[in-house]
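Below are the chains, spelled out letter by letter.
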Amino acid sequence: MASIPSQARYGAVRGPFGDRRPRGPGPARALPRAPSYGTSGRAAPTGPRAASSVNRHRPVLEPRGTHLFSERKVSTVREYYDVVIMGGGPAGSTLGALLAQRSDLRTAIFDKEVFPREHIGESFAHPVVPALQESGALGKVLASPCWVKKYGGVYAWDPDRPSVALFDRALFEQDGVLRWTMHVNRAEFDHILLDHAADVGVEVFQGTAVTAYEPDANGGVVRLADGTSVRAGYFVDASGRQSSVSAARNKRGWLSNFKNIAIWQHFTGGKHTQNLPADWNVFTSDNFSPIGCFAFRDGWCWYIPVPKIIDGRRVLTHSVGIVTNPAVLKEPGRDYTDQATFLAAVREVPYLKDLVTDVTPIADHMITATNYSRVAEEFGDYDERHLLVGDAAFFVDPLFSSGVAVALTQSQAAALLLIKTTDGSLEEADRRQLWRDYNDKWHGTAETFALMIDQWYHAIAKNNPDSVYWNTRGTGADLGIREQTFDALLNTAFQPALLDVMTHNSRRVEDLDAAGPYLSATALAEPKDLTPDAVLTLAPTTALRDSVTMPVPGFKATNPPANVQLPPAVLAGMAEYWKNPLTNHASAPAPLRDTVPCKRIHSTEDPHGPSIDADVRRDGVDELWGLLSTGPVKYGEIAGRLTPAQIRLVKRMCVGGFLHITPAA
């Protein structure tokens with residue numbers, strides 16, 4: 001492994017908070033502001049705001065109503081906002097901050113809680129760093145004491161052979177630059193992000209619950225818990241996995257074949273995972289902090305360093321949690337919601353037991369969260385102007401710390417979607433299709449990642465044949481998979497970091513169990529009867545047109561799946577970016593800054609229906625279209641002339657019904 005530079009062990013680096021797009025000419029208006037974070041006393045900016053195309057016909061209304069949103073500030077609620085965001089967590093605050101800096105959309109955030117407030121999800125995947133940099137909040141987070149630098153994880157699923165993962169390890173081995181992220185105190189972290197949104201122009205109302213959204217022809221009415229209401233051009237639900245507003249309009253289903261419960265508390269006196277004495281522990285020599293994940297009979301445990309404030313003092317605690325099946329808790333001696341039972345259990349888990357010998361809980365109770373692996377049926381409705389982001393849309397699993405990274409990145413996609421919908425740059429057909437892309441692509445991302453996690457659970461279950469928990473995990477592919485998921489399975493590769501851990505760094509899909517859920521579903525996604533003698537014919541209504549789309553997930557400066565090859569210049573820019581994401585923010589492209597041109601394969605009978613967007617250079621769609629347009633052709637006659645990307649596109653067209661297969665006799 002390449003040597004790890006000693007300077008990388010230090011925490012915050014300082015630099016610019018990122019760039020802002022100028023607002024353009026227009027009448028100035030004073031905006032109410034949320035309190036700034038910490039004690040810096042910085043003033044929230046005010047200034048001119050131009051009227052965008054969506055704003056030109058909005059009513060001119062005076063502010064009204066008074067809502068307390070901190071102990072020091074009072075703000076008035078307007079009668080109309082271009083965008084109302086329900087929920088001020090990381091997804092909602094990031095979306096608001098992006099809209100305020102990149103558009104002239106008047107935006108408000110309403111949250112039923114008063115910040116700071118506690119929240120689960122204290123360890124992040126590394127796409128969080130570029131997402132914070134894009135929103136302008138990274139410098140503020142790094143300047144705070146709420147975080148610990150994280151370089152990867154220790155995953156002890158096989159006690160005899162734990163896996164370790166550095167972020168983007170394959171790229172690190174090439175360029176010697178470490179990728180990193182954070183463990184955080186969520187109460188402080190979330191508060192910083194919400195205050196940042198207010199600082200850049202979002203009107204933030206804490207302690208104000210949204211109770212309903214009622215769409216109409218010109219947006220909708222947002223009902224508040226105090227009996228008042230506001231009009232919204234667009235409504236975004238970023239309120240988390242328990243959203244009652246979206247649930248009333250949008251069915252939520254399970255992402256996996258199982259339901260979990262998480263049980264946790266914070267403890268002092270714990271040792272550090274990087275200090276586990278073992279030759280496999282690559283984090284020891286430089287005292288780098290990873291997350292620790294440890295399997296045991298009834299599930300798995302997490303172990304995360306979290307800086308908290310206890311009795312007015314900053315203390316480094318460890319968040320210790322158990323993920324298990326609720327049915328396990330009914331077995332004698334296994335009710336882990338009882339703190340004594342919980343501690344007795346974690347003190348017997350291999351490796352973890354060496355870290356928690358002398359821990360003391362900061363409270364005398366355990367905290368729980370249940371049934372969190374959920375996905376909404378639809379993530380957006382163009383006609384109802386209703387959008388979901390973050391956990392309100394979906395949450396897969398805490399296993400790989402992906403929740404906040406996905407939520408922040410999806411917020412970037414949502415910001416792009418709202419801006420392109422309202423700035424007058426797209427025709428109606430492309431606006432509608434972009435909303436469909438947002439829905440279908442994020443659904444595909446959620447469901448394929450869930451299958452990857454299930455593949456991991458399947459592998460662990462084989463090593464725990466007597467476990468109630470593990471034998472209800474990873475039991476097989478879901479035959480009710482959505483058509484969009486089949487398309488995503490054909491168009492993506494296994495997530496690199498997961499593949500690293502599951503194969504003990506061999507990075508070969510062939511080393512995974514073919515009977516596992518992900519590989520089983522991938523096999524189901526392959527079009528039937530596509531043999532060399534099969535005849536391919538374009539469906540009569542299949543057409544090709546110029547369009548635009550958005551890349552999903554669109555992570556910035558991270559290693560893509562194996563089926564995406566980045567040019568050397570882009571790889572070099574990514575390495576430069578990670579040397580200092582604040583000062584080098586322009587070194588790596590930001591995929592979700594703008595839409596990308598594409599060729600769209602669609603049906604003339606349903607122009608706003610299912611489609612396939614293809615990249616002209618990467619997918620070779622024009623050449624493929626030329627081959628298929630000449631008339632029926634045997635697959636074997638063209639397969640040898642096709643690139644891997646074109647073969648994937650042929651399969652996607654077959655699955656989507658755009659290309660008909662006549663089987664060999």
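Keep in mind that what you see is a predicted model, and the values were worked out from it rather than measured.

> Even after reading the chapter, I still don't get the overall build of the chain, so can you show me in this structure?
Check the secondary structure of the chain and you find 17 helices and 30 strands. The burial tally for the chain puts 57% of its 665 residues in the buried class. Across the chain, contacts joining residues at least 24 apart in sequence account for 76% of those joining residues at least 6 apart. Carbon and sulfur atoms form 52% of the exposed surface of the chain, whose accessible area is close to 26300 Å².

> Got a minute to help me understand helix α1 (residues 90-102) in this structure?
Note: α-helices contain 3.6 residues per turn, so residues at a spacing of three or four share the same orientation. Across its 13 residues, α1 extends 18 Å between first and last C-alpha, which sits within 8% of the 18 Å expected from 1.5 Å per residue. With 13 of 13 residues buried, α1 lies mostly within the body of the structure.

> Explain the sheet that holds strand β28 (residues 612-614) here, please?
Sheet strands pair by backbone hydrogen bonding; their relative direction is either parallel or antiparallel. Spatially, the three strands line up as an open sheet ordered β26-β27-β28, and their pairing is antiparallel. What marks the edges here is a single partner per strand, and that holds for β26 (542-549) and β28. Taken over all neighbouring pairs, the strand axes of this sheet differ in orientation by 35° on average, direction set aside. In terms of strand pairing, strand β27 (residues 596-603) meets β28 through three bridges, oriented antiparallel. Bridge pairing links I601 to I612 in β28. The sheet strands contacting helix α15 (residues 621-628) are β26, β27 and β28, and the helix crosses β26 at an angle near 170°. Along the sheet face, helix α17 (residues 644-656) touches β27 and β28 and points at about 165° away from the line of β28.

> In this structure, what is going on with the sheet that holds strand β25 (residues 535-538)? I would like to understand it.
Taken in spatial order, the three strands of this open sheet run β29-β25-β30, and their pairing is antiparallel. At either end of the open sheet lies a strand with only one pairing partner, and these are β29 (633-634) and β30 (659-662). Alignment of β25 against β29, held across two bridges, turns out to be antiparallel. Bridging across to β29, L536 finds its partner in V633.

> Is there a simple way to think about the pairing of strand β6 (residues 107-111) in this case?
In regular strands, side chains alternate between the two faces of the sheet. Judged by how many residues are buried, β6 sits mostly within the fold: five of five residues are covered. Burial along β6 is two-sided: the face carrying T107, I109 and D111 and the face carrying A108 and F110 are both buried. With four bridges joining them, strand β5 (residues 80-86) and β6 adopt parallel strand pairing. Bridging across to β6, M86 finds its partner in F110.

> Just checking my understanding: could you explain the packing of aromatic side chains for this structure?
Given two aromatic rings, one states the distance between the centres and the angle between the planes to describe the pair. This structure, assessed with the given rule, holds 18 aromatic pairs. Here the aromatic rings of W147 and W180 are separated by 6.1 Å at their centres, their planes lie at 25°, and the arrangement is stacked. Of this pair, W147 sits in strand β7 (residues 147-156) while W180 sits in the loop between α4 (169-175) and β9 (181-184); the two residues are 33 residues apart in sequence, bridging distant segments of the chain. For the residue pair W147 and W180, the accessibility class agrees, reading buried in each case. Ring geometry for F394 against W442: centres 6.4 Å apart, planes inclined by 35°, an arrangement best described as tilted. Taken together, the residues span a long stretch of sequence, with F394 in strand β24 (residues 394-395) and W442 in helix α9 (residues 428-462) at a distance of 48 residues. Here the aromatic residues W147, W180, Y577 and W578 are joined through ring pairs into a cluster of three or more. Taking NZ or CZ as reference, K149 lies 4.5 Å from the ring centre of W180, over its face. We note R385 situated over the ring of Y234; from NZ or CZ to the ring centre the distance is 4.9 Å.

> Please clarify how the pairing of β25 should be interpreted in this entry.
A one-sided burial pattern is seen for β25, the buried positions being L536 and L538 and the unburied ones V535 and T537. Of the pairings in the sheet, the one linking β25 to β30 comprises four bridges and is antiparallel in character. When the bridges of β30 are listed, T537 appears paired with H660.

> Sorry, what's going on with the packing of helix α2 (residues 128-135) against helix α8 (residues 403-422) here?
Packed helices, taken two at a time, are described by the angle between their axes plus the distance between the axes. In contact at an axis separation of 9 Å, α2 and α8 are set at 35° when each is read in the N-to-C sense. Here α2 runs over α8; the crossing is left-handed. Contact with α2, carried on its side by V128, A131, L132 and E134, involves V404, A405, L408 and Q412 of α8 and no other residues of that element. Across the contact of α2 with α8, the residue classes break down as six nonpolar, one polar and one charged.

> Mind showing me how you'd approach the confidence of the model for the chain here?
Should pLDDT be low for a region, the predicted coordinates there are not to be read in detail. Confidence in the prediction for the chain averages 82 pLDDT; 79% of positions are at 70 or higher. This model gives residues 1-74 a pLDDT under 50, and the stretch forms 172 contacts once residues within four places in sequence are excluded. When the criterion is pLDDT under 50, residues 476-482 qualifies, and its contacts beyond four places in sequence or with other chains add up to 16 contacts.

> Looking at this structure, how should I read the side chain of S401?
Tracing the backbone through its elements, the reader meets S401 in the loop between β24 and α8. Within polar-contact distance, the side chain of S401 engages the side chain of K150 at 3.4 Å. Filtering out sequence-adjacent residues up to four positions away, S401 remains in contact with S123, F124, A125, K150 and I291.

> Mind showing me how you'd approach the nonpolar core here?
Membership of the largest hydrophobic core comes to 139 residues, with the highest contact counts inside it found for L132, W157, M182, W300 and Y438. If you tally residues by element for this core, the top one is α9, at 13 residues. Beyond its immediate chain neighbours, meaning those up to four positions away, L132 contacts A137, L138, V141, M182, F189, L193 and L408. Judged by nonpolar contacts, the second largest core, of 20 residues, contains L530, V633, Y635 and V650.

> What's the story with the environment of L592 in this structure? I'm lost.
Along the chain, the position of L592 falls in the loop between α13 (568-579) and β27. In this structure, the C-alpha to C-alpha distance between L592 and S411, residues 181 residues apart in sequence, is 9.8 Å. When near neighbours in sequence (up to four residues on either side) are disregarded, L592 contacts R102, T409, Q412, A413, L416, M550, P551, P553 and G554.

> It is not clear to me how the pattern of salt bridges should be interpreted in this structure. Could you clarify?
Two side chains of opposite charge can pair, provided their charged atoms sit close to one another. In the structure shown here, the tally under the stated rule is 30 salt bridges. As a salt-bridge pair, R78 and E203 come within 2.6 Å of each other at their nearest N and O atoms. Within this pair, whereas R78 is found in the loop between β4 (74-77) and β5, its partner E203 is found in strand β10 (residues 203-206), the two being separated by 125 residues in sequence. Since its relative accessible area comes to 8%, R78 is described here as buried. With a relative accessible area of 1%, E203 lands in the buried category.

Rules used throughout
Residues numbered from 1 in each chain as written. Predicted model: local features only at pLDDT ≥ 70, side-chain atom pairs only at ≥ 80, totals over all residues. Heavy atoms only, no water. Helix = DSSP H or I, 4+ residues; strand = E, 2+ residues; numbered from the N terminus. Buried < 20%, exposed > 50% of the residue type's maximum accessible area, 1.4 Å probe, protein only. Contact = heavy atoms within 4.5 Å. Areas by Shrake-Rupley, 256 points an atom, 1.4 Å probe, with all protein chains shown as cover. Expected span 1.5 Å × (residues − 1). Pairing = 2+ DSSP bridges. Axes fitted to C-alpha atoms, helices over the stretch in contact; angles between N-to-C directions. Phe/Tyr/Trp six-rings, centres within 6.5 Å; stacked < 30°, edge-to-face > 60°. Lys NZ or Arg CZ within 6 Å of the ring centre and 35° of its normal. Left-handed = near helix turned anticlockwise from the far one by under 90°. Nonpolar A, V, L, I, M, F, W, Y, C, P; charged D, E, K, R; others polar. pLDDT = per-residue confidence, 0-100. Polar contact = N/O pair within 3.5 Å; in protein donor to acceptor, adjacent residues only side chain to side chain. Core = buried A, V, L, I, M, F, W, Y, C linked by side-chain atoms within 4.5 Å. Salt bridge = Lys/Arg side-chain N within 4 Å of Asp/Glu carboxyl O.

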